[in-house]
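What follows is the residue order along each chain.
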Amino acid sequence: MPWLVSKDASIPLTEEQLEKILNRYDKNGDGKLSKQELKLAFKEMGLHFCGWKVSRAFHHADDDRDGYINKKEMIELVKYASKWGIKSY
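Report on the accompanying structure. Along each chain, the written sequence defines residue order, and numbers are assigned to residues from 1. A pLDDT threshold of at least 70 governs which residues receive local features in this predicted model, and a stricter bar of 80 or more applies before side-chain atom pairs are shown or counted, although totals over entire chains, interfaces and linings include all residues. Each side-chain value is worked out from all heavy atoms of the structure, with water and hydrogens disregarded.

Attention shifts here to the overall build of the protein chain. Scanning the protein chain from terminus to terminus reveals 4 helices and 5 strands. Burial classification: accessible surface area is computed with a 1.4 Å probe over protein chains only, and a residue below 20% of its type maximum counts as buried, one above 50% as exposed, and the rest as partly exposed. Going through the 89 residues of the protein chain one by one, you find that 39% of them count as buried. The criterion used for residue contact is that any of the two residues' heavy atoms lie within 4.5 Å. Within the protein chain, residue pairs in contact and separated by at least 24 positions form 56% of the contacts whose partners lie at least 6 positions apart. Per-residue and other accessible areas were derived by the Shrake-Rupley procedure at a 1.4 Å probe size, with only the shown protein chains allowed to occlude residues. About 5600 Å² of surface is accessible on the protein chain, with carbon and sulfur atoms providing 52% of the total. The way it works is that DSSP assigns letters per residue, a run of H or I at least four long becomes a helix, a run of E at least two long becomes a strand, and they are numbered from the N terminus.

Written out as structure tokens, the structure reads:
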């Protein structure tokens, strides 16, 4: 069971909380999120259509189009993903 859900919870995550959670998915420690790492994060947050959301998030936040979300781009990713109303329970 995912520890985060997108719709049926009552406490929305702050942008700071979401950023901390996403940073945990940098499994290889390179300071960047790959598409695979972000997809796993979204899936474990209980989001639906994870592949599509990753594509949209990268289109929105990956400014240098290198296929990774770096620390600078993380700010835009978090702002974009926060609009989905990700909540904790």
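Further remarks concern the side chain of Glu73. Tracing the chain through its elements places Glu73 in helix H4 (residues 71-82). Residues scored as positive are Lys and Arg, those scored as negative are Asp and Glu, and His as well as the terminal groups of each chain are ignored. One side-chain nitrogen of Lys or Arg within 4 Å of one carboxyl oxygen of Asp or Glu is enough to make a salt bridge. For the buried Glu73, which has no salt bridge, the nearest side chain bearing the opposite charge is Arg65, at an N-O separation of 7.0 Å. We call two N or O atoms a polar contact when they sit within 3.5 Å, provided that within protein one can donate a hydrogen and the other can accept it, with sequence-adjacent residues counted only if both atoms are side-chain atoms. A distance of 3.0 Å separates a polar side-chain atom of Glu73 from the backbone nitrogen of Asp63.

A few words on the side chain of Asp26. Looking at where Asp26 falls in the secondary structure, it is placed in the loop between helix H1 (15-23) and strand S3 (33-34). Here Gly31 takes part through its backbone nitrogen, which lies 2.7 Å from a polar atom of the side chain of Asp26. If we skip the residues at most four places from it in the chain, Asp26 touches Gly31, Lys32, Leu33 and Glu37.

So, on to a negative patch on the surface. In this analysis, a patch consists of residues with relative accessible area above 30% that form no salt bridge, clustered at 9 Å for like charges and at 5 Å for the nonpolar side chains Val, Leu, Ile, Met, Phe, Trp and Tyr. One atom stands in for each charge, and that atom is NZ of Lys, CZ of Arg, CG of Asp or CD of Glu. A contiguous patch of negative charge on the surface is contributed by Asp63, Asp64, Asp66 and Glu76. Among the secondary structure elements, Asp66 is positioned in the loop between helix H3 (50-61) and strand S4 (68-69). The class of Asp66 is partly exposed, set by a relative accessible area of 37%.

We now examine unusual backbone geometry. Positive phi outside glycine occurs at Phe49, with the angle close to 55 degrees. Mapped onto the secondary structure, Phe49 falls in the loop between helix H2 (35-44) and H3. In the Ramachandran plot, Arg65 falls in the positive-phi region, its phi being about 55 degrees despite a non-glycine side chain. Counting through the fold element by element, Arg65 comes out in the loop between H3 and S4.

Relative to the helices and strands, Ile21 is located in helix H1. Judged by relative accessible area, which is 5%, Ile21 ranks as buried. Sequence separation between Ile21 and Met45 is 24 residues; the distance between their C-alpha atoms is 9.4 Å.

Don't take any of this as a statement about function, it's just geometry.
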